[in-house]
Amino acid sequence: TTSSKGIVELAENGEDKDGVAVQGSDKRLKLATEDSHGIIKFAKNNDSKKLHAVQANDKRLSDARKPLPHDHEYAPLKHEYNSHTGTINLTGSKEENIAGIVPPADGSAIIYARNDSHHPGAVGIAGINNPLEQNTIHSYGIIGHGMFAGVRGQSNGNTESEVKGAGVIGISRFGAGGVFASEHNYSLVADGFGRISGYDDSAQLKGNGEALLVNGKSAFSGQIDIYNSNHENSPVNIVEMFEVDEDQFIGAGDVLTASEKGKSILKRSTVKYSKSVIGIVSGNPTVIINNSGLKKKIYPIALTGKVLCRIDAREKPVKAGDLIVTSGTPGCGMAGVIDSFNKIGTVIGKALDNLDKGIGTIPVFVTHI
């Protein structure tokens, strides 16, 4: 102990005496700070004290001088004041959260480039790779690599201009404008509502539902799935847009027939077992074909699959599986029976649910008989 000898004599805490052993709990052996020293003493940032160690983050160890015109033969670089030839390898650690679509601050990046020009052609960072062989692959202008996002491009856009802006523009003269691939997820996610918190929760977007605009020929090789997030209210449909010649209100579920005017114009059905029946107005069009060339006074007609249909069951109840034909009630279908050749071509679908009485809406599978 410190008071009686064993094999050795132990020193008191901080005791400096010949022939005694320093204990492991001695305060002189603890980790040093700026305020209390252990084995050594640390100097504070920019302090000059005798027998004090300068710390690695001392600002005097970094060179913050502004670059001046110079040359140097001792290095493998020859450059003017604002240009370099050679390679640059920077390693560091900087971070600063980005909230919303705002310009990132210089505290968030190892390389920060800001171009204050307001003229066309201004670029913040340009990456150019010019291989000698034109067929060389695996050569890139810029590569972005990150744990969650390799590249994030953003734009405020302009609501008053026809050019709305774009987060990222990919263009090519002979190759693809953009190539996306993933090993374990969707290669491309386009969300018109801005619900991308699973990929980036800092954007805080609220979109209007416009997700993807494709102008030109498209090719698909593989499965296409369409999911209905509102399946309880209205099924999704593949539809074609048609012009209607009536001024009266046309609603989802109405049964339409060909108009006497021709020219692909439709009207609301008004007679029983009409052979001119064309289709049912969809309440939730998803895949839309527009051959009319118009943007107004056109309505989506379901081409196939399930669609909600207005039914008049006042004369006869409708059971699941019944054939649906036009009724005498404008825009309504009814349960029909094909018992003569004159009724062939009047069926618009098959009932998928029951309606015992009155006028209501039930799902119908579109089919023509």
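Residues numbered from 1 in each chain as written. Predicted model: local features only at pLDDT ≥ 70, side-chain atom pairs only at ≥ 80, totals over all residues. Heavy atoms only, no water.

Another point: the overall build of the chain. Scanning the chain from terminus to terminus reveals zero helices and 10 strands. The order of α-helices and β-strands along the chain, N terminus first, is β-β-β-β-β-β-β-β-β-β. In terms of overall size, the chain is more extended than a compact globule, its C-alpha atoms giving a radius of gyration of 38 Å where 369 residues would be expected to give roughly 21 Å. In terms of overall dimensions, the chain has a C-alpha envelope of 125 × 65 × 40 Å along the principal axes. Here the chain holds 369 residues, and the buried ones make up 21% of them. Summing over all exposed atoms, the chain offers an accessible surface of approximately 28500 Å²; the carbon and sulfur share of this is 52%. With 39 positive and 41 negative side-chain charges, the chain shows a spacing of 5 Å between the two charge centroids. (Helix = DSSP H or I, 4+ residues; strand = E, 2+ residues; numbered from the N terminus. Rg over C-alpha atoms; globule rule 2.2 N^0.38 Å. Buried < 20%, exposed > 50% of the residue type's maximum accessible area, 1.4 Å probe, protein only. Areas by Shrake-Rupley, 256 points an atom, 1.4 Å probe, with all protein chains shown as cover. Lys, Arg positive; Asp, Glu negative; His and termini not counted. Charge placed at Lys NZ, Arg CZ, Asp CG, Glu CD.)

Per the stated rule, a full pass over the model turns up 12 salt bridges. For Arg 195, the salt bridge is made with Asp 191, and the minimal N-O distance between the two is 3.9 Å. Taking relative accessible area as the criterion, Arg 195 reaches 60% and is therefore assigned exposed. In this structure, Asp 254 engages Arg 268 in a salt bridge whose closest nitrogen and oxygen atoms are separated by 3.5 Å. Of this pair, Asp 254 sits in the loop between β1 (237-244) and β2 (255-258) while Arg 268 sits in strand β3 (residues 265-268), and the two are 14 residues apart along the sequence. The two residues Asp 254 and Arg 268 agree in class, both being buried. A single network of salt bridges, built from pairs that share partners, joins Lys 5, Glu 9 and Lys 17. (Salt bridge = Lys/Arg side-chain N within 4 Å of Asp/Glu carboxyl O.)

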